[in-house]
Amino acid sequence: MSRVLVGVKRVIDYAVKIRVKPDHSGVVTDGVKHSMNPFCEIAVEEAVKLKEKKFIKEVVAVSCGPTQVTETIRTALAMGCDRGIHVEVSGKDYEAMGPLQIAKIFAALAKKEEASLVILGKQAIDDDCNQTGQMTAALLDWPQGTFASEVTIDGEKVKVVREIDGGLETIKISMPAVLTADLRLNTPRYATLPNIMKAKKKKIANMKPADLGVDMVSRVEVLRVDEPPTRLAGVKVETVDDLVAKLKANGTI
Amino acid sequence: MASPLIRCFSKVGRQVSRPWSVCQHGLRNRSTQPDMSAEQAAALGVTYPPLQTYSEEEGMMRDAVNKFAQERLAPFVSKMDENSLMDPEVIKSLFEQGLMGIEIDPEYGGTGSTFFSSILVIEELAKVDASVAVLCDIQNTLINTLFTKLGTAAQKERYLSRLSTDMVGSFCLSEAESGSDAFSLKTRADKHGDYYVINGSKMWISNAEQAGVFLVMANVDPSAGHRGITCFIVDRDTEGLQIGKKENKLGLRASSTCPLNLDNIKVPEKNVLGQIGHGYKYAIGMLNEGRIGIAAQMLGLAQGCFDQAVPYTRQRVQFGKRIFDFQAMQHQIAHVATQIEAARLLTYNAARLKEAGRPFIKEACMAKYFTSEVATLTTSKCIEWMGGVGFTKDYPVEKYYRDCKIGTIYEGTTNIQLSTMAKFIDKEYDH
């Protein structure tokens, strides 16, 4: 049991008020605060915990994007990852980058690094896709434990408690496997100052998607981005009869 | 954007009826500019980047402490202020995060970072609680620096690793009869063979309740005046050391401030820090640096208070519009924001000057003097902007108002700062 790959995505910080670009091609990212996707933080924490419990030897943090993503990798290193891989993607390729391209990159890296586990956040807070983990597992033909709220290593197998619509589902899957982290899996640690200093010395390797034999062509084209309609005030009614009358009047029932 | 699933939001959601929490969550990520690191500036060919440029390491540290302070410390603040007591959990987490040994060498368990990092850490802590910030400031800028600069190998071995992991330190200079006139201190140290007997009392000693080690300034030779002042390392469990009842203060209440009684305490010769009779030099030297730390504390306090009040003015509607939209309010808010920015630049510049090994004393005095005045102005205005609710303890701004007052008093009163600056200015015009 040696190596875990953890994916970390650099996204617009959750507390920022999002604005749509005037040309409706996307949201404003220039000059806006970015940070690590919260679900990726949970994924990193889980991987580091597994290493501390001595189930795995090495945690490798991976991120795809332009030079700025190295900050996100450094944060993962400060949380306890051993080394980082920065897959350089910029310009048009970066704007068009989606779960399929990332999944292909991770699948290639998982094979190259001989990883036993790939741990990702369940979704990113900018696109809410919830696809990368599942696609990665499919491309590798590996089992997947998604929406994980509890992970236990049991010999060559992993027991995963999943949060599903009906409640909790427990599955046992063989390794190598792909896991995606849900909110309640753990509480990510704060990077302590000494760990931030140590992170400076850890290595981040650079590579391009072409080095991994991955084509970045997107099959998805974004036509237009709009803000959600402004929420209008509701109408208060006095009785149930009024309510029924109003619902009938606007055609809802 | 999947909003409700983020853990901070879920914490706030539960307590949304409590004004403290509603205000607190907005404190994260208040900076309008994303940072450009020094490395990025260099890559872009910017030779003289603006003062608010941080190395990647400094930026990461600041963000880590910002997050830690907003999430882990904020819930304790109100209770600690009310009970006038620093929660041991808080102190433990400061040590765990490596915030108490920022400049200490990793060899002794410290973080091994720079003075400017300490300044950023103190500023971020002060945005949430000035008492926690001052505990961290005294430890880093006074205690740790004194040990690092003056300690023998044995002393460093014995104390630095404890100071970075679990032991708080205290700096004991002031007495009932000697505040600004520090060198007229009366505490005596009489030599007896290979040990000293120290008698006297100290007043206004911060961190005294929590400290495991005290750096006591005592005079070994009163006939030599201030040239007899010597710095002694006194362990808490030394017989005859009595820590008095803590003061019931207006502000910075969670920070313990106690009188100390030294009743025939025996201190071995090897516990002298630095050289005999050089204590006054060390005190001045350390307080010059500590000044910048206090400036950072007042700066964080002002910014934290401002960050609480402005969102309120954007929400509160009177006469059909947000109170922020009234011109008088806008002018006041812009004026205060300018003062805070100026205070920040003074503080950062003084810190960078010190790091560069250039003369910095006048600038440090300016930073401390100006930021404490700005903190007073800011907190006073913020309460006004928030009107009646600003005046209640349910909202955090009244605490900032009470806490800021000490800024013009401790670690060198405003008058002392101004006189010191004047001395430098006088010399500048010598031809």
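In case you missed it, the structure is sitting above this.
Now for a look at the structure at hand. Since the structure is predicted, the reported quantities are computational estimates derived from the model, not experimental observations. (Residues numbered from 1 in each chain as written. Chains lettered and ligands numbered in written order. Predicted model: local features only at pLDDT ≥ 70, side-chain atom pairs only at ≥ 80, totals over all residues. Heavy atoms only, no water.)

## A few points about the overall build of chain B
Scanning chain B for helices and strands turns up 13 helices and ten strands. For 431 residues, the compact-globule estimate of 2.2 N^0.38 gives 22 Å, and chain B sits close to it at 22 Å. When the backbone C-alpha atoms are referred to their principal axes, chain B occupies close to 80 × 55 × 40 Å. Here the analysis covers contacts within chain B between residues at least 6 apart in sequence; of these, 73% occur between residues at least 24 apart. Total accessible area on chain B is roughly 18600 Å²; 55% of this is exposed by carbon and sulfur atoms. (Helix = DSSP H or I, 4+ residues; strand = E, 2+ residues; numbered from the N terminus. Rg over C-alpha atoms; globule rule 2.2 N^0.38 Å. Contact = heavy atoms within 4.5 Å. Areas by Shrake-Rupley, 256 points an atom, 1.4 Å probe, with all protein chains shown as cover.)

## Comments concerning the pattern of salt bridges
Under the definition given, this model contains 43 salt bridges over all chains. The salt bridge involving Arg188 of chain B is made with Asp190 of chain B; its shortest N-O contact spans 2.7 Å. Exposure remark for Arg188 of chain B: the relative accessible area of 37% places this residue in the partly exposed category. A salt bridge links Lys393 of chain B to Glu398 of chain B; the nearest nitrogen and oxygen atoms lie 3.5 Å apart. What makes Glu398 of chain B buried here is its relative accessible area of 12%. Beyond isolated ion pairs, a larger network of salt bridges with shared partners links Arg3, Glu58, Arg83 and Glu113 of chain A. (Salt bridge = Lys/Arg side-chain N within 4 Å of Asp/Glu carboxyl O. Buried < 20%, exposed > 50% of the residue type's maximum accessible area, 1.4 Å probe, protein only.)

## A closer look at the interface of chain B and chain A
On the chain A side, the residues contacting the 33 residues of chain B number 29 residues. Approximately 2800 Å² of surface area, both sides summed, lies buried where chain B meets chain A, with 63% of it carried by carbon and sulfur atoms. If you look at where chain B meets chain A, you find four salt bridges. We note a salt bridge from Lys33 of chain A to Asp63 of chain B, for which the minimum N-O separation is 3.7 Å. Put simply, chain B and chain A have five residue pairs in polar contact (both at pLDDT 80 or more) between them. In terms of residue count, the dominant contributor to the side of chain B that touches chain A is helix α4 (residues 56-83) of chain B (eleven residues). By residue class, the composition of the side of chain B that touches chain A is 15 nonpolar, nine polar and nine charged. (Buried area = accessible area lost by both parts, 1.4 Å probe. Polar contact = N/O pair within 3.5 Å; in protein donor to acceptor, adjacent residues only side chain to side chain. Nonpolar A, V, L, I, M, F, W, Y, C, P; charged D, E, K, R; others polar.)

All quantities given are derived from atomic positions and should not be read as evidence of function.
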